[in-house]
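One-letter residues, chain by chain:
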Amino acid sequence: MCGLSFAKLRRSLDSSRSENPVSSRPLTEAIAVCVITVIVISGWLLRITTLQSFLPGAIGMKLVTATAFFLAAAAVILIVWNDSRA
């Protein structure tokens, strides 16, 4: 496997986690925001009012707001991804 064993890969991942333990948190939160906003946007496109609000009985999120949140979360994902590649 290209000279890299599973044990070496695991040690590498463990050492990177110990150096920067919060690096996955922004990525996880941005993915959660993307999922929520995709649900809200699909509610707007399909005209399903229950999907337009994240909490039942709450005021629905506007389409422009959901799109802005999605784009902001996508930007965070791209920033974290670029930082991890560097």
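In the block above lies the structure referred to throughout.
An account of the accompanying structure is given in this report. Remember, predicted model here, so these are calculated numbers, not experimental data.

1. Describing helix α2 (residues 24-46)
Helix length check: α2, at 23 residues, gives a terminal C-alpha distance of 33 Å against a target of 33 Å (1.5 Å per residue), a fit within 8%. Three or more residues of α2 are buried, namely Ala 30, Cys 34, Thr 37, Val 40, Ile 41 and Gly 43. Against the buried residues of α2 lie α3 (63-85). Trailing α2 by a residue or two, Arg 47 shows a phi angle of about 55°, which is positive.

2. Some thoughts on the pattern of salt bridges
Under the definition given, this model contains one salt bridge. For the salt bridge of Arg 25 with Glu 29, the shortest nitrogen-to-oxygen distance reads 2.8 Å. In this pair, Arg 25 and Glu 29 are both assigned in helix α2, four residues apart and thus about one turn of the helix distant. Note on Arg 25: relative accessible area 56%, which makes it exposed. Overall, Glu 29 belongs to the partly exposed group, its relative accessible area being 43%.

3. Digging into the environment of Leu 51
With respect to the helices and strands, the residue Leu 51 is situated in the loop between α2 and α3. When its relative accessible area of 29% is taken as the criterion, Leu 51 is described as partly exposed. Sequence spacing of Leu 51 and Met 61 is 10 residues, and the spatial spacing of their C-alpha atoms is 9.3 Å.

4. Looking at α3
Each α-helix turn comprises 3.6 residues. Residues three or four places apart therefore point the same way. Relative to the 33 Å expected for 23 residues at 1.5 Å per residue, α3 spans 33 Å between its end C-alpha atoms, a close match to the ideal helical length. Listing the buried residues of α3 in full gives Ala 66, Ala 73 and Val 80. Looking at the buried side of α3, the elements it contacts are α2.

Each value, and the rule that gives it
- Residues numbered from 1 in each chain as written.
- Predicted model: local features only at pLDDT ≥ 70, side-chain atom pairs only at ≥ 80, totals over all residues.
- Heavy atoms only, no water.
- Helix = DSSP H or I, 4+ residues; strand = E, 2+ residues; numbered from the N terminus.
- Expected span 1.5 Å × (residues − 1).
- Buried < 20%, exposed > 50% of the residue type's maximum accessible area, 1.4 Å probe, protein only.
- Contact = heavy atoms within 4.5 Å.
- Salt bridge = Lys/Arg side-chain N within 4 Å of Asp/Glu carboxyl O.

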